[in-house]
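# Geometric and topological summary
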Amino acid sequence: MKQLKDILERIEGFVLTGTSEKEVVGLAFDSRKVESNFVFFALPGTVVDGHQFISNAIEKGATVVVCETMPEEINKDMTYVLVENSALVLGQMASAFYDYPSENLKLVGVTGTNGKTTIATLLYDSFLKLGFRVGLISTITYKINEQSFHSSHTTPDQIQLNQLMAEMVTAGCDYCFMEVSSHAIHQNRIAGLDFDGGIFTNITHDHLDYHKTFAEYIKAKKLFFDGLKPEAFAITNLDDKNGLVMLQNTLAQKHGYSLKRVADFKGKILESHFDGTLLDINQNEVWTHFIGDFNAYNLLAVYGAIVSLGITAEETLVVLSNLKPVDGRFEVIRSFDGKYAIVDYAHTPDALENVLKTIDGLRTRNEQVICIVGAGGDRDKTKRPEMVEIACKYGDKIILTSDNPRTEDPVQILKDMEAGVDAVSAKKTITIVDRREAIKTAAMLANPSDIILIAGKGHEDYQEVNGVKHHFDDREEVAKAFGI
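All values derive from a computational prediction rather than experimental measurement.

Our next topic: the overall build of the chain. In terms of regular secondary structure, the chain is built from 15 helices and 26 strands. Taking 2.2 N^0.38 as the reference for a compact globule, 484 residues should give roughly 23 Å; the C-alpha atoms of the chain span a radius of gyration of 24 Å, in line with that estimate. Overall size of the chain, expressed as C-alpha extent along the three principal axes, is 80 × 50 × 40 Å. A buried classification covers 57% of the 484 residues belonging to the chain. Long-range pairs, those at least 24 residues apart, make up 64% of the contacts in the chain between residues at least 6 apart in sequence. On the chain, roughly 20,700 Å² of surface is accessible, and the fraction owed to carbon and sulfur atoms is 49%. Distance between charge centres in the chain, computed from 49 positive and 68 negative side chains, equals 4 Å.

A separate point is the sheet that holds strand β5 (residues 38-41). Sheet architecture is open: five strands sit in the order β2-β7-β6-β5-β4, paired in mixed fashion. Either end of the sheet is taken by a strand with one partner, and the two such strands are β2 (15-17) and β4 (26-28). In this sheet, neighbouring strand axes are inclined to one another by 20° on average, regardless of whether the strands run parallel or antiparallel. Pairing geometry for β2 and strand β7 (residues 79-82), over three bridges, is antiparallel. In the sheet register, Thr-17 faces β7, and the bridge partner there is Tyr-80.

Here we come to the packing of helix α11 (residues 349-362) against helix α12 (residues 383-394). Close contact between α11 and α12 brings their axes to 9 Å; oriented N to C, the two are set at 10°. The angle between the axes of α11 and α12 places the two elements in the roughly parallel class. Residues Pro-349, Leu-352, Glu-353, Leu-356 and Lys-357 of α11 touch α12, and the partners they reach there are Lys-383, Glu-386, Met-387, Ile-390, Ala-391, Lys-393 and Tyr-394. Of the residues belonging to the contact of α11 with α12, the class tally is seven nonpolar, no polar and five charged.

This part covers the nonpolar core. Most often, soluble globular proteins keep nonpolar side chains buried together rather than apart. In this structure, Leu-123, Phe-127, Phe-177, Ile-199 and Ile-281 are the most contacted members of the largest nonpolar core, which totals 38 residues. Top element by residues in this core is helix α9 (residues 293-308). It accounts for nine residues. Phe-127 has contacts with Phe-132, Val-134, Tyr-175, Phe-177, Ile-306, Leu-309 and Ile-311, leaving out every residue within four places of it along the chain. If you look at the next biggest cluster of nonpolar residues, it comprises 30 residues, including Ala-375, Met-387, Cys-392 and Leu-414.

Conventions used here
Residues numbered from 1 in each chain as written. Predicted model: local features only at pLDDT ≥ 70, side-chain atom pairs only at ≥ 80, totals over all residues. Heavy atoms only, no water. Helix = DSSP H or I, 4+ residues; strand = E, 2+ residues; numbered from the N terminus. Rg over C-alpha atoms; globule rule 2.2 N^0.38 Å. Buried < 20%, exposed > 50% of the residue type's maximum accessible area, 1.4 Å probe, protein only. Contact = heavy atoms within 4.5 Å. Areas by Shrake-Rupley, 256 points an atom, 1.4 Å probe, with all protein chains shown as cover. Lys, Arg positive; Asp, Glu negative; His and termini not counted. Charge placed at Lys NZ, Arg CZ, Asp CG, Glu CD. Pairing = 2+ DSSP bridges. Axes fitted to C-alpha atoms, helices over the stretch in contact; angles between N-to-C directions. Parallel < 35°, antiparallel > 145°, perpendicular 65-115°, else oblique. Nonpolar A, V, L, I, M, F, W, Y, C, P; charged D, E, K, R; others polar. Core = buried A, V, L, I, M, F, W, Y, C linked by side-chain atoms within 4.5 Å.

Quick look at the structure:
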C-alpha cells in the first residue's frame, strides 16, 4: 500500500484534479482487473481505447484515474491525473509503487531481431555459475534464482515487470537480465526502469506488421540506447550495418563486438564441429558447446557484458567454456543410425539463413539437408516467401508446413509461402500441412548422416491453431520419428 502523493513524487508535467492524499493498493490498465482503491490507467490502444472503460473501473473500486483526456463526467470522489502519455506514466508509477526495484538490481537489457533469448539466458546462467543471485526475463521463461515462471510475452507489461523485479529484490538478486522487444520499447513498457547496460544483437526483417517500415523498426530499437544513463554500458554488434546507428545518441559507455573488424571484444572461429566451436576471444582460446557464426556473436556479446559488469576476463572465459545451449536454439538430436535433426527457433529470414549456413559449413561429405519450414499466422506476411527462398537456396529437400497458424487458415499461409518456390526448386519441395506428418516424412526421407532442420518453433511446446494452444513439441516429435 502506498500514498498517491508518494507514487507521483518523480512524475513531471501532470495536472491533478482531486486530492493526492489517497491510499493506493494496486495498479491496473485493464478495467476487469481493477479492485478497491486501485489506480486505473486509461491507455489509448490500437484496437480499443482505455478511456472508454473509466466508468467501469470506477464501478469496480478505482479511486484514481490516470488519463490523457478528461472524461465528460467528473466524479467528485475521484482523483484524476491528466498526463500527456499514460503508458509512459504507467511505467514510472509502477516503478514507484514497487519501490523502484530496478534501481536495486544491476539490470541489463538485450535487444535486436535475433539472439535476444540466447544472450539473456546465457548471462543469467553465467552469473549463477559465478555465485550470484540472478533474475531472468525472457521469451522462454521468467526466473528468480532457480525458480521459473511461465512467460507470456518477450517483455511483460509495466506492472508485471516491476512486480517481478520487486520479487527479485526480495529474493536477494544482484542482477537481472531481460529481453527488450521493439514492441515493448515503442509501447513504453520499459519506462521508469533503471538500466545498467544494453546489448544490441542485429536487426533484420521482422515485425513489419507492427512497425510498418524498417526505418520505424530501427528507430524503436535505437530509443532503448538513447535512454541509457552515462554510467551504463552500451554494447553493439559492429558487423551489423545498423550496429553503430544504435550508439549515435547514447550517453552510455560505448563498446563493440565483432568477428570481422577491430573491436573491444574481438572474436575468431578457429574450429567448428557438431559438438562445439573453438573460439579466439581477445587473443584467448576457449572451447564452447555452441555451433555456428551466429552463436559466436552471441558469445562475444555475453563475454562483453560480463567483463563490463566487472568480472575478470579469465573468470569469464572459464564460465563461457561451461555454458550449454539454450533450449530450442540449434538443439541437435541424433538417431541410432546416425541421422541428425536440428531444432531451432529461427523464424525470420536472417535467422533461418544463419542456421542453414552453419549446417552447410558442418557438412563433411554429401549429406542431404532436409529443411522443414513454416510461418506464423497473424504476423508479417511479407517474410513468408523470403523464408522459403532461403530454404530452397540451402536445402536439398524442402518441406513446407504449419507453424503457429493462430487465427489464420494454415492452407492460405502455405500458399503465401509457395510464392517463394522457383521452378527449379519446385522439384525438391513438398507441402504437408500437418507439422507432425512433416517431421515423420523428413525422418523417413533422411539417410544416415543426413541433417534435418526443423525451424520456427524451437523451445515452444505448443501449436496455436484457431486461437487455441495444443501441446506440440518439435523435439518430442523428432524423438518419436527417430524411435528414440
